Amino acid sequence: QVQLVESGGGLVQAGGSLRLSCAASGIISSIKAMGWYRQAPGKQRELVASIANGGSTNYADSVKGRFTISRDNAKNTMYLQMNSLKPEDTAVYYCNVDALVMAGTRKYWGQGTQVTVAS
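Computed from a predicted structure; not experimentally measured.

About the criteria used
- Residues numbered from 1 in each chain as written.
- Predicted model: local features only at pLDDT ≥ 70, side-chain atom pairs only at ≥ 80, totals over all residues.
- Heavy atoms only, no water.
- Helix = DSSP H or I, 4+ residues; strand = E, 2+ residues; numbered from the N terminus.
- Rg over C-alpha atoms; globule rule 2.2 N^0.38 Å.
- Contact = heavy atoms within 4.5 Å.
- Areas by Shrake-Rupley, 256 points an atom, 1.4 Å probe, with all protein chains shown as cover.
- Lys, Arg positive; Asp, Glu negative; His and termini not counted.
- Charge placed at Lys NZ, Arg CZ, Asp CG, Glu CD.
- Buried < 20%, exposed > 50% of the residue type's maximum accessible area, 1.4 Å probe, protein only.
- Disulfide = S-S within 2.5 Å.
- Phe/Tyr/Trp six-rings, centres within 6.5 Å; stacked < 30°, edge-to-face > 60°.
- Lys NZ or Arg CZ within 6 Å of the ring centre and 35° of its normal.
- Pairing = 2+ DSSP bridges.

S.K.: Quick question: what am I supposed to make of the overall build of the protein here?
M.R.: Helix and strand counts for the protein come out as zero helices and 11 strands. Its helices and strands in sequence order give the protein the pattern β-β-β-β-β-β-β-β-β-β-β, from N to C terminus. Against the 2.2 N^0.38 benchmark of 14 Å for 119 residues, the protein shows a C-alpha radius of gyration of 14 Å, consistent with a compact globule. Expressed as lengths along the three principal axes of its C-alpha atoms, the size of the protein is roughly 45 × 25 × 25 Å. Here the analysis covers contacts within the protein between residues at least 6 apart in sequence; of these, 53% occur between residues at least 24 apart. Put simply, the protein shows about 6600 Å² of open surface, and 48% of that area lies on carbon and sulfur atoms. Computed over 12 positive and 7 negative side-chain charges, the inter-centroid distance for the protein is 3 Å.

S.K.: Looking at this model, I keep getting lost on unusual backbone geometry. Mind explaining?
M.R.: Trans peptide bonds make up most of the peptide bonds, and negative phi angles are found at most residues other than glycine. One non-glycine residue with positive phi stands out, namely asparagine 76, at about 50°. Locating asparagine 76 in the fold gives a position in the loop between β7 (67-72) and β8 (77-82). Given a relative accessible area of 46%, asparagine 76 falls into the partly exposed group. Even without being a glycine, serine 84 presents a positive backbone phi close to 50°. Take serine 84: it is sitting in the loop between β8 and β9 (91-101). A relative accessible area of 41% means that serine 84 is categorised as partly exposed.

S.K.: Explain the state of the cysteines here, please?
M.R.: Formally, a disulfide is one covalent bond, and it connects the sulfur atom of one cysteine to the sulfur atom of another. For the structure on display, the rule yields one disulfide. Paired through a disulfide, cysteine 22 and cysteine 95 show a sulfur-sulfur distance of 2.1 Å. Judged by the sign of its S-S torsion, about 55°, the cystine formed by cysteine 22 and cysteine 95 is right-handed. Highlighted residues: cysteine 22 in strand β3 (residues 18-25) and cysteine 95 in strand β9, separated in sequence by 73 residues. Here cysteine 22 matches cysteine 95 in class, with each residue buried.

S.K.: What am I meant to see in the packing of aromatic side chains here?
M.R.: Two aromatic rings, taken as a pair, are described by how far apart their centres are and by the angle between their planes. For the structure on display, the rule yields one aromatic pair. Pairing tyrosine 37 with tryptophan 109 gives two aromatic rings, centres 4.9 Å apart and planes at 65°, and the pair type is edge-to-face. Of this pair, tyrosine 37 sits in strand β4 (residues 31-39) while tryptophan 109 is found in strand β10 (residues 104-109), placing the two residues 72 residues apart along the sequence. When the ring centre of tyrosine 94 is taken as origin, the NZ or CZ atom of arginine 45, which lies over that ring, is 3.8 Å away. Arginine 45 extends its terminal NZ or CZ atom over the ring of tryptophan 109, reaching a point 4.7 Å from the ring centre.

S.K.: Before we go on, may I ask you to explain the pairing of strand β5 (residues 46-52) in this structure?
M.R.: Each regular strand carries side chains that alternate between the two faces of the sheet. One ladder, built from six bridges, connects β4 with β5; its direction is antiparallel. Residue pairing across strands places tryptophan 36 opposite alanine 49, the latter belonging to β5. The hairpin turn running from β4 into β5, its antiparallel successor, is six residues long, and glycine 42 in that turn takes a positive phi close to 75°. Linkage of β5 to strand β6 (residues 57-59), two consecutive antiparallel strands, is achieved through a turn of four residues, within which glycine 55 is found at a positive phi near 105°.

Below you can see the structure in the form of structure tokens.
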């Protein structure tokens, strides 16, 4: 069973920083890509940042220059460093792993961690 567990969320003032972690276990197939999504109440879930197997990264325009995605293969952990946080960043953040399975590619999700940015 594949499991993703997020941690590091919390309450922070505007301009502050947080680092989210996503620990993965039980993944026996090849990982194609990993990413972070977020969803605010009443809003659609959106992609925040992604990192491909080869290490290339991509960011939503709204977070570019403020957020950094990274991974530690030895620890099977992905991170999202969030700096210069804004109230608009308030959302539940979900980690995602796109893994190669026999039938194709499957997207795995964590349970989410709440990030609240106060003015």
